[in-house]
Amino acid sequence: MSRDPHAARTVRCPQCGGDSRYAPDNPWRPFCSARCRSVDLGAWASERYRVQARPSIDDGDDLTSLPH
Ligand SMILES: [Zn+2]
């Protein structure tokens, strides 16, 4: 419950899975960089997320839908 303005947490970047500094000095949070954020936005625009958001009621094996 601390409100230390200098407090910073390290979270996992949703895009690359790397360490991301979740702090006011990271304008790309929760992403680690501008590149990761732009990639994520691009994914939304290309409807990739819409496909991934479909409930898998068959067998739950999402990997079978990925291209090789
Ligand atoms: Zn990243």
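In this text the structure is predicted, and so the values were computed from the model without any measurement. (Residues numbered from 1 in each chain as written. Predicted model: local features only at pLDDT ≥ 70, side-chain atom pairs only at ≥ 80, totals over all residues. Heavy atoms only, no water.)

Caption draft 1: A look at the pattern of salt bridges. For the structure shown, the criterion picks out one salt bridge. Across the salt bridge formed by R21 and D25, the nearest N and O atoms sit 3.2 Å from each other. For R21, a relative accessible area of 44% corresponds to the partly exposed category. The exposure class of D25 is exposed, given its relative accessible area of 53%. (Salt bridge = Lys/Arg side-chain N within 4 Å of Asp/Glu carboxyl O. Buried < 20%, exposed > 50% of the residue type's maximum accessible area, 1.4 Å probe, protein only.)

Caption draft 2: Examining unusual backbone geometry more closely. Omega for the peptide link from R29 to P30 comes to 5°, which places this bond in the cis form. Among the secondary structure elements, P30 is positioned in the loop between β2 (19-22) and α1 (34-45). (Helix = DSSP H or I, 4+ residues; strand = E, 2+ residues; numbered from the N terminus.)

Caption draft 3: Quick look at the coordination of the zinc ion. Donor atoms from the polypeptide that coordinate the zinc ion comprise C13 (SG), C16 (SG), C32 (SG) and C36 (SG), at 2.3 to 2.4 Å from the metal. Geometry at the zinc ion is tetrahedral, judged from the four donor atoms that bind it and their angles of 106 to 115° at the metal. Each donor residue of the zinc ion belongs to the same chain, with the gaps between them written as C-x2-C-x15-C-x3-C. In this pair, C16 sits in the loop between β1 (9-12) and β2 while C36 sits in helix α1, placing the two residues 20 residues apart along the sequence. (Donors = N, O, S within 2.8 Å, 3.2 Å for Na, K, Ca; no water. Tetrahedral: all angles 85-135°; square planar, octahedral: opposite > 155°, others 65-115°.)

Caption draft 4: Region of the structure containing the pairing of β1. The sheet contact formed by β1 and β2 spans four bridges and is antiparallel. Looking at the pairing, T10 lines up with R21 of β2. Hairpin geometry of β1 and β2 is characterised by an intervening segment of six residues between the two adjacent antiparallel strands and by a positive phi of about 80° at G17. (Pairing = 2+ DSSP bridges.)

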